[in-house]
Amino acid sequence: MTSRPNEKGHIMRAPDPDWIAKDCLDIGLYSNRLEEMLAFWQTEIGLAFDHMLPVGGGVRQHRHNFEGAVLKLNHTRDPLAPASDGGLQRLIIAKDDVTDAQDLVDPDGNQIRLISKGEDGIEHWAIEIATDTAESFLAHYENALGLPRDDRHPLAVRCGRSLIIGVERPGIAHASDGDQLQRQGFRYTTIQVFQVDTLHRRALSAGAMEGMAPQTLGKTARISFLNDRHGNWMELSQRASITGSLEPN
């Protein structure tokens, strides 16, 4: 069992895997609608803007904080293809100031659900990802990556306080357009890790697919990308401000 309520009703989690450097998941999305998206995520959702990071190729990443996690709103200069039918389906955000669940849609059509903290066992945020079967989902997120199962959901793994929830939708699971990271919508998750190269190699040997081999971005981070069986993207990030070192390992 990975989590359970204690005597006071608070959720108690098993320790995170020792390779996780930050106890929450970051979420990345792409958009051509900068002003409308900034207004929605800052005003409607209430996320705090932190800073803008130029990432090259005409992409500027507008980083927003949510209780230690980052929503990476990537604004692209070039037109984006429409959002995929499959892939990352919905972001569920648990907030202290929410009493009744609210279903929202941002200017690009991304689905968001606001809930009160602790509802459905969610204390932070959770991203829903389409999968054809439970076995496909667990083969990647539990077995290849080593993320622990969350026992409050029939199909979910935990990254610190955050959840990745598998939603069985075999009709659309493979329609993720996994050959193209930059498309409109929620496109990737990010786990902050201590040793990108070690985890990347281990995940590949356990059946994960390679999206991008490890590379160092200046003095900021060393990153790589993995793909699950449906082509969904996950970034592994060894960020200097968290780990202190960008040396390959």
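Quick summary incoming for the structure in this document.

Calculation notes
Residues numbered from 1 in each chain as written. Predicted model: local features only at pLDDT ≥ 70, side-chain atom pairs only at ≥ 80, totals over all residues. Heavy atoms only, no water. Buried < 20%, exposed > 50% of the residue type's maximum accessible area, 1.4 Å probe, protein only. Helix = DSSP H or I, 4+ residues; strand = E, 2+ residues; numbered from the N terminus. Contact = heavy atoms within 4.5 Å. Pairing = 2+ DSSP bridges. Axes fitted to C-alpha atoms, helices over the stretch in contact; angles between N-to-C directions.

To continue, consider helix α2 (residues 134-144). Along α2, eight of the eleven residues are buried, which leaves the element largely enclosed by surrounding structure. Residues of α2 that are buried: A134, S136, F137, L138, A139, H140, Y141 and A144. Next to the buried residues of α2 lie β10 (125-131), β11 (156-159), β12 (162-168), α3 (196-205), β15 (221-227) and β16 (233-239). Just downstream of α2, G146 is the residue with a positive phi angle, here 90°.

The two faces of a sheet get side chains in turn, since along a regular strand they alternate between them. With seven bridges joining them, strand β4 (residues 48-56) and strand β5 (residues 59-66) adopt antiparallel strand pairing. Within β5, the residue paired with P54 across the bridge is R60. Where β4 folds back on β5, the antiparallel hairpin that results is connected by two residues, among which G57 adopts a positive phi of roughly 65°.

Counted residue by residue, β16 has seven buried out of seven residues, so it is predominantly covered. Burial of the side chains of β16 extends over both faces: W233, E235, S237 and R239 are buried on one face and M234, L236 and Q238 on the other. When strand β13 (residues 185-192) meets β16, the two strands line up parallel, connected through five bridges. Within β16, the residue paired with I191 across the bridge is L236. Sheet analysis places β15 next to β16, joined by seven bridges and oriented antiparallel.

With that out of the way, let us pick up the sheet that holds strand β9 (residues 111-116). Spatial ordering of the open sheet is given by β8-β9-β7-β10-β12-β11, a layout of six strands whose pairing is mixed. Strand pairing shows two members of the sheet lacking a second neighbour, β8 (102-105) and β11, which therefore form its edges. Mean inter-strand twist for the sheet, computed between neighbouring axes without regard to direction, equals 25°. The strands touched by α2 are β10, β11 and β12; relative to β12, the strand with the most contacts, the crossing angle is about 155°.

For the rest of this paragraph, the subject is the sheet that holds strand β14 (residues 209-217). Pairing is mixed across the open sheet formed by eight strands, whose spatial order is β4-β5-β6-β3-β13-β16-β15-β14. Two strands bound the open sheet, and with one partner strand each, they are β4 and β14. With direction set aside, neighbouring strand axes in the sheet form an average angle of 25°. Across the sheet, α3 touches β14, β15 and β16, and the angle it forms with β15 is around 10°.

Scope: geometric values only; no functional claims are made or implied.
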